[in-house]
Amino acid sequence: MILAGENPKDLKHYMTRCADTLKTILDAELCVGCGLCESIAGSDSLRMEITSAGQIRPVQHSDIPSLDEQLIISVCPGTNVTAQDQTTPYEDPVWGPAFRIAKGFANDQTIRHTGASGGVLTAIADYLLQRGEAEFVLHVANSVESPLIAEPQYSSTRSELLKGAGSWYTPVAPLKEIHSLLDQGRRCIIIAKPCDIAAMRNLASRDNRVDELVPFMFSFFCGGVAARTPTAAITTP
């Protein structure tokens, strides 16, 4: 972690933690529930499931090949968050480096009032889709099963994108199918939590397809993911 007074530019890693097995990550409660491990190991071996505590975590159902487990450990954002080696005009000991800090909102009134934080990320994604910069957006939307459940959403139209606009305060693993998406060879935009984007940046250092097929990754300020169990208790009569 960064301590007050340290210069983020001089630090290669914002956070590194030792872990040599998936079990170590889970036992140390380092998992952030991104789902990248399921994508690597395959859902037959590993599946993201809701725990008794209401969080989404990987559950192992069969042996994971050693090479797959090593890859999981190396890209897991719970064990490795690496700062990009770039010089930026703004540096803060807590928030880190930044190229620009600005405030704004979507000009499109539907997007502005449907999305969170002025609909900025939804507006940018819609613009990029219209320009043909990507074929679809990987983001999160409410499940048709229950308002307490969110799931990965693959949107290629404005109406689909609006379905996932806004913030969803519930556990979801947006990256659990990312390798299948990369295998399809289709360019996409990802809107996800900072830890999910950190996972993708880690994967990009080991899989060249990420930089080629995911030219845009967007995130937002996040204070953590609320467990589903307390939310369900509050909403249950």
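In the block above lies the structure referred to throughout.
Computed from a predicted model, the values in this text were never measured in an experiment.

So, how was this worked out
Residues numbered from 1 in each chain as written. Predicted model: local features only at pLDDT ≥ 70, side-chain atom pairs only at ≥ 80, totals over all residues. Heavy atoms only, no water. Salt bridge = Lys/Arg side-chain N within 4 Å of Asp/Glu carboxyl O. Helix = DSSP H or I, 4+ residues; strand = E, 2+ residues; numbered from the N terminus. Buried < 20%, exposed > 50% of the residue type's maximum accessible area, 1.4 Å probe, protein only. Core = buried A, V, L, I, M, F, W, Y, C linked by side-chain atoms within 4.5 Å. Contact = heavy atoms within 4.5 Å. Phe/Tyr/Trp six-rings, centres within 6.5 Å; stacked < 30°, edge-to-face > 60°. Lys NZ or Arg CZ within 6 Å of the ring centre and 35° of its normal.

Topic: the pattern of salt bridges
(1) Moving on: Counted according to the given criterion, the structure contains 9 salt bridges.
(2) Moving on: Between R158 and D126 there is a salt bridge; the shortest N-O distance is 3.5 Å. Here D126 lies in helix α5 (residues 120–130) and R158 lies in helix α6 (residues 158–163), a separation of 32 residues in the sequence.
(3) Moving on: Residue R158 is classed as partly exposed on the basis of its relative accessible area, which comes to 33%.
(4) Moving on: Judged by its relative accessible area of 7%, D126 is buried.
(5) Moving on: A salt bridge links K193 to D196; its shortest N-O distance comes to 2.8 Å.
(6) Moving on: We classify K193 as buried; its relative accessible area is 11%.
(7) Moving on: Since its relative accessible area comes to 1%, D196 is described here as buried.

Some remarks on the nonpolar core
(1) Moving on: L36, I178, I190 and M200 are the most contacted members of the largest nonpolar core, which has 31 residues in total.
(2) Moving on: With 5 residues, the single largest contributor to this core is helix α8 (residues 194–204).
(3) Moving on: Look past the residues within four positions of L36 in its chain and what remains in contact with it is V75, L175, I178, H179, A199 and L203.

Some words on the packing of aromatic side chains
The geometry of an aromatic ring pair is captured by two quantities: the separation of the ring centres and the angle between the planes.
(1) Moving on: For the structure shown, the criterion picks out 2 aromatic pairs.
(2) Moving on: Summarising the aromatic geometry, the rings of F136 and Y154 are spaced 6.3 Å apart at their centres and angled 75° between planes, so their arrangement reads as edge-to-face. Taken together, the residues F136 in strand β7 (residues 136–142) and Y154 in strand β8 (residues 150–155) connect sequence positions 18 residues apart.
(3) Moving on: The exposure class assigned to F136 is buried, which follows from its relative accessible area of 2%.
(4) Moving on: For R112, the ring lying beneath its charged end belongs to F105, and the centroid distance is 3.8 Å.

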